[in-house]
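# Fold and geometry: a report
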Amino acid sequence: MIPQLEAWDNFYVIVGSSAAALTGLMFVVIALIADETLDAPKSSGTVAAFGTPNIVHFCSALVVSATLSAPWRTLTNVAGAVGVCGVAGVFYALIVLQRARRQTSYKPVLEDWLWHTVFPTSAYVAIVIAAVLLSRAPEHALFAIAAAVLSLVLIGIHNAWDTVTYLALQQRERQDPNGQSGRVPSTGETHTPQK
């Protein structure tokens, strides 16, 4: 194994395992929400823009973690593999941006644009840049990749929480026929579905 990567083994085991566990948890949560919200409006465009990317971010963190834990012989090969992951992530982030703009079930606020498009795109761009610099400045590049991968996990956690709480609050509002006792006061920004 490449000596520079050996020092990162524990980090990538923790981050990769966490990303895998969170991916599985997302499947469970989405299945439970689907069962509980049978009367909720369904929009594949909204799910593709705000739900599916969380799984992709977790899986990207898992793939990069696995890639950097593999027994590579040269940093050039590692850089190529990680760079491909980063480029694929950038393209996917641009697709998510288009999906978010096209869907009509939900009107995103500034926080949504930041967390669902700007921050993930930045993390994937950081991975690409770090992959390019990996052979020349491995120490700095490895820290940049680690920060970007951890960012993807944290972005996915934030977005998953945001989505789940939004859906739970919407379901609660639907179940209250008077529109009062089931309402939960907002503690920050509010999401406004389009009618």
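In this report, the structure presented in the accompanying data block is examined. (Residues numbered from 1 in each chain as written. Predicted model: local features only at pLDDT ≥ 70, side-chain atom pairs only at ≥ 80, totals over all residues. Heavy atoms only, no water.)

### Considerations on the overall build of the protein chain
- Along the backbone of the protein chain there are 7 helices and 0 strands.
- When the helices and strands of the protein chain are placed in sequence order, the string is α-α-α-α-α-α-α.
- Burial status across the protein chain gives 38% buried among its 195 residues.
- A separation of at least 24 residues holds for 82% of the contacts in the protein chain among residues at least 6 apart in sequence.
- Counting every atom, the protein chain has about 10900 Å² of accessible surface; 66% of that belongs to carbon and sulfur. (Helix = DSSP H or I, 4+ residues; strand = E, 2+ residues; numbered from the N terminus. Buried < 20%, exposed > 50% of the residue type's maximum accessible area, 1.4 Å probe, protein only. Contact = heavy atoms within 4.5 Å. Areas by Shrake-Rupley, 256 points an atom, 1.4 Å probe, with all protein chains shown as cover.)

### Let's talk about the packing of helix α4 (residues 52-69) against helix α5 (residues 75-102)
- Interaxial distance between α4 and α5 falls to 10 Å at its minimum, and their mutual angle equals 175°. Between α4 and α5, the angle is such that the two are roughly antiparallel. Side by side, α4 and α5 meet where T52, P53, V56, V63, V64, T67 and L68 of the first sit next to V78, A81, V82, C85, Y92 and V96 of the second. (Axes fitted to C-alpha atoms, helices over the stretch in contact; angles between N-to-C directions. Parallel < 35°, antiparallel > 145°, perpendicular 65-115°, else oblique.)

### Topic: the side chain of S60
- Relative to the helices and strands, S60 is located in helix α4.
- If sequence neighbours within four positions are ignored, S60 has contacts with Y124 and L152.

### Overview of the nonpolar core
- One finds L68, V78, V82, I127, L134, I145 and V149 to be the most contacted residues of the largest nonpolar core, which totals 33 residues.
- Among the secondary structure elements, those contributing two or more residues to this core are α2 (9-36), α4, α5, α6 (110-133) and α7 (138-175).
- The element best represented in this core is α7, accounting for 9 residues.
- Contact partners of I127, with chain neighbours within four places excluded, come to V82, G86, A148, V149 and L152.
- If you look at the next biggest cluster of nonpolar residues, it comprises 5 residues, including A49, F50, A100 and Y106. (Core = buried A, V, L, I, M, F, W, Y, C linked by side-chain atoms within 4.5 Å.)

### Some remarks on the packing of aromatic side chains
- Here the structure, examined in full by the defined rule, presents 7 aromatic pairs.
- Ring centres of W115 and F119 lie 5.0 Å apart, and the angle between their planes is 85°; on these two criteria the pair is classed as edge-to-face. One end of the pair, W115, and the other, F119, are both in helix α6, 4 residues apart, so they sit about a helical turn from each other.
- Judged by its relative accessible area of 23%, W115 falls in the partly exposed class.
- The partly exposed category is assigned to F119, whose relative accessible area is 32%.
- Through successive ring pairs, a cluster of aromatic residues spans W8, F11, Y12 and F143. (Phe/Tyr/Trp six-rings, centres within 6.5 Å; stacked < 30°, edge-to-face > 60°.)

### As for the environment of V47
- Within the secondary structure, V47 is located in helix α3 (residues 44-50).
- Accessibility expressed as a relative area gives 47% for V47, which makes it partly exposed.
- Residues V47 and Q103, 56 residues apart in the sequence, show an inter-C-alpha distance of 9.2 Å.
- If sequence neighbours within four positions are ignored, V47 has contacts with T52 and P53.

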